[in-house]
Amino acid sequence: MGLDRSMQNIAVVTGASSGIGAATARRLAGEGFHVVAAARRADRLATLVKEIGPHATAVTCDITSDDSVAALAGTVAELGAPLTLLVNNAGGARGLDPVAAGSIEDWQWMYDVNVLGTLRVTKALLPALEASGAGTIVTIGSTAAFTPYEGGGGYVAAKHAQTALVGTLRLEIVGKPVRVVEIDPGMVQTDEFSLNRFAGDRERADAVYAGVKEPLVADDIADIVAFAATRPHHVNIDRLVVRPIAQAAQHKVHRER
Ligand code: 8X3
């Protein structure tokens, strides 16, 4: 399956079927990477990869499955080019219940996807990133990684845990040629983040962004991923927090009526 364009570096993007992941896959292909777009939804990936063209490979992958992630690593190896970038983007929120009414099932899902999914993919691809001699891991966190908010419980806990994973990894692999970057977005209006959080309730999802003049969009985050990934390799952007200008803090959002 080797890549024809020899030595075109590979970037793996998880959660690539929509939102920030899809935008990042498009952008990184434009930056010269061969993008391995990984996600569960094969139909969406196929559309994305067709749009990107020859500089992308679709891999149907469930990051909550060991076998699925092992298959992802196998596909990357078969491509036969250096893996220099992993974007841990897959994740998400479910529910906005107070802790006192927290759904164990929702919390479990958020931990599995945001934390253990990041762990699983990172473990599987770290050897190849290291072998490239110039690897980068960019993890998409959240402002929820450092700020609790009412109703955020399960997501806040998962994102705090994910940021702990990232910070720990950076310490553990110092001296190896892999930098570890975390990008923490605030309010980003995508097709699915809030819709998923509210189980398809469009009214509740739209209310999140109501009156906010210009929430961030997926391309804004893709732009920052590309920036972080294309700095000279000795430059490690440890952690970058990005919000729309209308959001001064988690609770401080300017809404025009
Ligand atoms: C998304 C930001 O405010 O919904 O990661 O937690 S927030």
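Residues numbered from 1 in each chain as written. Predicted model: local features only at pLDDT ≥ 70, side-chain atom pairs only at ≥ 80, totals over all residues. Heavy atoms only, no water.

Student: Is there a simple way to think about helix H8 (residues 218-229) in this case?
Tutor: In an α-helix there are 3.6 residues to a turn, and that puts residues three or four apart on one side. Taking 1.5 Å per residue, twelve residues should reach 16 Å; H8 reaches 17 Å between its end C-alpha atoms and fits that length. Listed in full, the buried residues belonging to H8 are Ala218, Ile221, Ala222, Ile224, Val225, Ala226, Ala228 and Ala229. Buried residues along H8 sit against helix H1 (19-30), strand S4 (83-88), strand S5 (135-140), strand S6 (178-185) and strand S7 (239-242). (Helix = DSSP H or I, 4+ residues; strand = E, 2+ residues; numbered from the N terminus. Expected span 1.5 Å × (residues − 1). Buried < 20%, exposed > 50% of the residue type's maximum accessible area, 1.4 Å probe, protein only. Contact = heavy atoms within 4.5 Å.)

Student: How do you make sense of empty space enclosed by the protein when you look at a structure like this?
Tutor: It is the rolling of a water-molecule-sized probe over the atoms that shows where space remains empty. Per the stated rule, a full pass over the model turns up one cavity of 30 Å³ or more. Considering only enclosed or pocket space, the largest cavity measures out at about 70 Å³ in volume. Along the wall of the largest cavity there are 15 residues; nearest its centre are Arg94, Gly95, Asp97, Trp107 and Met110. Going through the elements one at a time, helix H4 (104-131) and helix H5 (153-172) are the ones with two or more residues in the lining of the largest cavity. Grouping the amino acids of the lining of the largest cavity by side-chain chemistry returns four nonpolar, seven polar and four charged. (1 Å grid on protein atoms, 1.4 Å probe; cavity = no way out; pocket = protein on both sides within 12 Å on 5 of 7 lines; lining within 4 Å. Points joined across faces, edges and corners; volume = space filled by probe spheres on them. Nonpolar A, V, L, I, M, F, W, Y, C, P; charged D, E, K, R; others polar.)

Student: Hey, could you run me through the packing of H1 against H8 in this one?
Tutor: Contact geometry for H1 and H8: axes closest at 8 Å, N-to-C directions at 50°. As judged from the angle between their axes, H1 and H8 are oblique. Classified by chirality, the crossing of H8 by H1 is right-handed. Contacts between H1 and H8 involve Gly19, Ile20, Ala23, Thr24, Arg27 and Leu28 from the first element and Ala218, Asp219, Ile221, Ala222, Asp223, Val225 and Ala226 from the second. Of the residues contributing to the contact of H1 with H8, the split by class is eight nonpolar, two polar and three charged. (Axes fitted to C-alpha atoms, helices over the stretch in contact; angles between N-to-C directions. Parallel < 35°, antiparallel > 145°, perpendicular 65-115°, else oblique. Left-handed = near helix turned anticlockwise from the far one by under 90°.)

Geometric values such as these leave the question of function open.
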